[in-house]
Amino acid sequence: MAARSLGVVGARVVVVAAAAALWELVTRLAAQPYFPAPSTIVPRMYELWFSGPVTHVFLTDDALDTFPPSLGRLLVGWVAASLAGIVLGLAIGRSRVLSDFLDPVIDFGRAVPPPMLVPIFFALFRIGTPTQIATIVFGVIWPVLINAVDGAATVDRQHLETAKVFGLSRPQVIGRIIVPSAMPKIVAGLRLSLSLALIMMVISELVGSTSGIGYRLMTAQQNFLITDVWGCIVLLGVLGYLLNSSFLLVENRILGWHSRARQNA
Amino acid sequence: MLEIIDVTHTYGAYQALGGVKLTLAEGELVCVVGPSGCGKSTLLRCVAGLVQPTGGRILLDGVPVSQTPDNLAVVFQDYSRSLFPWMSAAANVALPLRRKGMDRASRRTAAMEALEQVGLAGAAGKYPWEMSGGMQQRVSIARALAYRPSLLLMDEPFGSVDAQTREDLEDLVLRVCAHHGMTIMLVTHDIDESVYLGDRVVVLSRSPGTVAGDLQVSLPSPRDQIATREHETFVRLRAEVGRLIRGNQLSPQET
């Protein structure tokens with residue numbers, strides 16, 4: 001097991017290194033100002049964000065102005081959407097009446113491209129964080145909601161009958177039976193919506209924001225700071241990777257029974 | 001203690017039960033045997049309150065069954081869908097005990113005791129998917145035992161395990177049943193099993209299910225997998241039950 005995961009890590013390092021080398025080669029051969037080489041981008045990123053004092057964990061003032069608002073919006077938006085999605089989804093999944101009423105609304109809602117709603121959120125809230133959070137919430141709630149509906153609706157009938165026979169109370173049935181059996185699907189939805197939240201964060205910051213990574217990307221673009229633009233892009237990619245990796249760690253903790261049960265089956 | 005009075009049940013146009021009359025006395029182990037599709041599982045589900053019969057009445061200790069009764073437990077055939085895979089064996093057994101107002105420590109103690117009775121003292125921390133089928137069904141039985149129901153329903157409880165395990169589990173049920181003095185209604189399609197286990201064997205006819213025969217099993221206790229099965233009463237009853245079931249079989253073109 002340990003040997004295998006070491007091998008995986010090794011293979012990943014090789015793939016990343018090879019991709020970086022290829023990127024370097026192509027951009028050098030092309031010699032286009034719009035496509036700086038990674039060897040230009042990475043030092044610029046270091047200079048912009050990671051050359052700060054030790055007391056600030058090497059983060060520069062620019063980084064401290066840019067990262068926390070973005071990450072804050074992303075996490076608040078994602079957590080709010082997740083909670084709302086899970087609660088609503090479980091309710092809809094277990095209630096025939098609710099699903100009959102709300103299915104069309106859900107289909108309508110998720111067909112609306114969230115960026116289109118940014119101006120509406122502007123009008124509702126004001127320029128600033130509430131608008132960004134509203135955009136993120138609206139953009140990422142759907143995978144969680146739909147998966148929670150599905151998970152709650154497909155609880156094994158025999159599990160529910162067992163619960164009924166042994167006289168479990170309503171809260172017990174929800175907490176001990178429905179939530180755990182819907183959990184694998186909910187978690188799949190959460191993971192999807194987390195990566196979506198990063199995208200929604202950038203989109204929401206591109207317009208009508210005065211801080212954050214998206215805003216930084218926008219201003220760099222407007223000032224033709226091509227290397228800065230690429231720096232933001234790479235930063236977002238790394239951030240996405242880190243978010244997903246941390247999510248997987250948590251997932252392994254709460255859903256260990258599920259993956260191990262499937263391996264045993 | 002259990003009275004089933006003229007119970008009928010229809011699923012749409014299909015009549016599963018055609019007026020079943022059956023009484024179980026306190027402490028009795030009654031096997032309900034019949035060909036597949038005779039409605040024996042439907043009957044059990046009616047008693048468990050999982051299905052509302054179309055007609056007739058079911059009284060448990062004189063009280064009509066409408067919802068699932070408090071003092072009743074079920075062991076289902078499909079243990080893998082009845083045990084909760086996100087809980088350890090001990091947690092599965094302890095879960096229903098909250099209802100009895102037991103605190104955490106006494107729930108735990110009761111669960112461990114029940115697991116010990118089914119020979120799984122060492123497996124309390126294991127998850128169902130780490131266990132063999134026979135072990136999982138033992139956990140189901142332990143869950144039912146810990147619940148201390150006055151009536152235990154078993155729906156083809158050994159239908160999904162291998163022959164050797166099946167015999168072990170049969171003897172386990174006989175042993176704990178004698179120990180707790182529980183009333184048990186066990187549904188099976190296996191004639192040998194019904195005669196081996198039952199104090200009484202009730203034969204249901206093919207659909208719509210009605211009681212085709214009700215036989216006292218006067219075999220010596222404790223029963224023994226080898227000796228009991230070669231006992232002349234066993235052989236005679238087995239043939240009799242077989243005849244009752246066959247006698248009610250439809251001709252091939254009708255099935």
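Residues numbered from 1 in each chain as written. Chains lettered and ligands numbered in written order. Predicted model: local features only at pLDDT ≥ 70, side-chain atom pairs only at ≥ 80, totals over all residues. Heavy atoms only, no water.

The name an unreviewed UniProt entry assigns to chain B is ABC transporter ATP-binding protein, from the organism Microbispora oryzae.

**Describing the overall build of chain B**
The secondary structure content of chain B amounts to 9 helices and 10 strands. Taking 18 Å as the expected radius of gyration for a compact globule of 255 residues, we find that chain B reaches 18 Å, a close match to that expectation. Along the first, second and third principal axes, the C-alpha set of chain B runs to 55 × 40 × 35 Å. Each of the 255 residues in chain B was classed as buried or not, and the buried ones make up 54%. By sequence separation, contacts in chain B at least 24 residues apart represent 70% of the contacts at least 6 residues apart. Split by element, the accessible area of chain B, about 10,600 Å² in all, is 49% carbon and sulfur. (Helix = DSSP H or I, 4+ residues; strand = E, 2+ residues; numbered from the N terminus. Rg over C-alpha atoms; globule rule 2.2 N^0.38 Å. Buried < 20%, exposed > 50% of the residue type's maximum accessible area, 1.4 Å probe, protein only. Contact = heavy atoms within 4.5 Å. Areas by Shrake-Rupley, 256 points an atom, 1.4 Å probe, with all protein chains shown as cover.)

**Brief notes about helix α10 (residues 226-254) of chain A**
Residues and elements named next belong to chain A. The terminal C-alpha atoms of α10, which comprises 29 residues, lie 42 Å apart, in line with the 42 Å expected from a rise of 1.5 Å per residue. The set of residues buried in α10 consists of I226, D228, V229, G231, C232, L235, L236, L239, L243 and F247. Among the structural elements, α2 (38-50), α3 (61-94), α8 (170-206) and α9 (213-222) are those in contact with the buried residues of α10. (Expected span 1.5 Å × (residues − 1).)

**Some words on the interface of chain B and chain A**
Taken together, the contact between chain B and chain A spans 27 residues of the former and 20 residues of the latter. Carbon and sulfur atoms make up 62% of the surface buried where chain B meets chain A, a total of about 2,300 Å² over both sides. Looking at the side of chain B facing chain A, the largest losses of area belong to B:R81, B:W86 and B:W129, adding up to 34% of the total buried there. Joining chain B to chain A, the criterion identifies 2 salt bridges. (Buried area = accessible area lost by both parts, 1.4 Å probe. Salt bridge = Lys/Arg side-chain N within 4 Å of Asp/Glu carboxyl O.)

**Section: the domain arrangement of chain B**
Residue and element names in this part refer to chain B. Assigned domains of chain B: these are domain 1 (2-71 + 149-254) and domain 2 (78-148). Taking the mean C-alpha position of each, domain 1 and domain 2 sit 25 Å from one another. Between domain 1 and domain 2 we count 1 salt bridge in total. Taking the shortest distance from any N to any O, the salt bridge between D70 and R99 comes out at 2.8 Å. (Domains from an automatic or database assignment.)

**Some details on the pairing of strand β10 (residues 211-216) of chain B**
All names here are of chain B. Pairing of strand β9 (residues 200-204) with β10, which is carried by 5 bridges, proceeds in the antiparallel orientation. Within the sheet, the bridge partner assigned to R200 lies in β10 and is Q216. Counting the residues between successive antiparallel strands, the hairpin from β9 to β10 contains 6 residues. (Pairing = 2+ DSSP bridges.)

**Observations regarding the confidence of the model for chain A**
For chain A, per-residue confidence averages 92 on the pLDDT scale, and residues scoring 70 or more make up 98% of the total. Per-element averaging of pLDDT across chain A places helix α11 (residues 256-264) of chain A at the bottom with 80 and α3(A) at the top with 95. (pLDDT = per-residue confidence, 0-100.)

**As for the domain arrangement of chain A**
Entries for chain A in the domain assignment read domain 1 (1-31) and domain 2 (41-264). Relative to domain 2 of chain A, the C-alpha centre of domain 1 of chain A lies at a distance of 28 Å.

**A few points about the environment of B:P64**
All names here are of chain B. Take P64: it is sitting in strand β5 (residues 63-64). As a C-alpha pair, P64 and L2 span 62 residues in sequence and 9.8 Å in three-dimensional space. Setting aside chain neighbours within four positions, we find P64 in contact with I58 and L59.

**Notes on the sheet that holds strand β2 (residues 14-24) of chain B**
Residues and elements named next belong to chain B. A sheet is described by the order of its strands in space; here 4 strands give the open sequence β2-β1-β4-β5, paired in antiparallel fashion. Two strands close off the open sheet at either side, each with one partner strand: β2 and β5. In terms of strand pairing, strand β4 (residues 55-60) meets β5 through 2 bridges, oriented antiparallel. The residue of β5 that forms the bridge with L59 is P64. Running over the sheet, helix α1 (residues 40-47) touches β1 (2-11), β2 and β4 and is turned about 60° from β2. (Axes fitted to C-alpha atoms, helices over the stretch in contact; angles between N-to-C directions.)

**What to know about the UniProt feature "domain: ABC transporter" (unreviewed entry) in chain B**
UniProt marks residues 2-231 of chain B with the feature "domain: ABC transporter" (unreviewed entry), using the numbering shown here. As annotated, residues 2-231 of chain B has a helix share of 33% and a strand share of 26%, and its two end C-alpha atoms lie 30 Å apart. (UniProt positions renumbered as here; feature names shortened; annotations may be inferred.)

**Section: the packing of aromatic side chains**
Under the counting rule described, the total for this entry stands at 13 aromatic pairs over all chains. On the basis of an interplanar angle of 55° and a centroid distance of 5.8 Å, the ring pair of A:W49 and A:F67 is categorised as tilted. Taken together, the positions of A:W49 in helix α2 and A:F67 in helix α3 put the pair 18 residues apart, joining distant regions of the chain. Exposure class is identical for A:W49 and A:F67. Each is buried. Grouping aromatic residues by their ring pairs yields a cluster made of A:F121, A:F125, A:F138 and A:W142. The side chain of B:R229 reaches across the aromatic face of B:Y196, ending 4.6 Å from its centre. (Phe/Tyr/Trp six-rings, centres within 6.5 Å; stacked < 30°, edge-to-face > 60°. Lys NZ or Arg CZ within 6 Å of the ring centre and 35° of its normal.)

**Notes on the pattern of salt bridges**
By the definition in use, this model includes 25 salt bridges over all chains. Its salt-bridge partner being A:D228, residue A:R216 comes within 3.9 Å of it at the nearest N-O pair. Here A:R216 is found in helix α9, whereas its partner A:D228 is found in helix α10, with 12 residues between them in sequence. One salt bridge in this structure joins B:D214 and B:R200, with 2.9 Å as the shortest N-O distance.

**So, the layout of surface pockets**
Taken as a whole, the second largest pocket encloses approximately 380 Å³ of empty space. Taken together, 23 residues make up the lining of the second largest pocket; nearest its centre are A:H159, A:W257, B:S80, B:P85 and B:W86. Elements with a minimum of two residues in the lining of the second largest pocket: α8 and α11 of chain A together with α2 (79-82) of chain B. Its residues placed into classes, the lining of the second largest pocket shows 12 nonpolar, 8 polar and 3 charged. (1 Å grid on protein atoms, 1.4 Å probe; cavity = no way out; pocket = protein on both sides within 12 Å on 5 of 7 lines; lining within 4 Å. Points joined across faces, edges and corners; volume = space filled by probe spheres on them. Nonpolar A, V, L, I, M, F, W, Y, C, P; charged D, E, K, R; others polar.)

**Some remarks on the side chain of B:E170**
Residue and element names in this part refer to chain B. On the secondary structure map, E170 appears in helix α6 (residues 163-180). A polar atom in the side chain of E170 sits 3.2 Å from the side chain of Q225. Separated by 3.0 Å, the side chains of E170 and R229 make a polar contact. If we ignore the near neighbours within four places in the chain, the residues touching E170 are F158, E193, Y196, L197, Q225 and R229. (Polar contact = N/O pair within 3.5 Å; in protein donor to acceptor, adjacent residues only side chain to side chain.)

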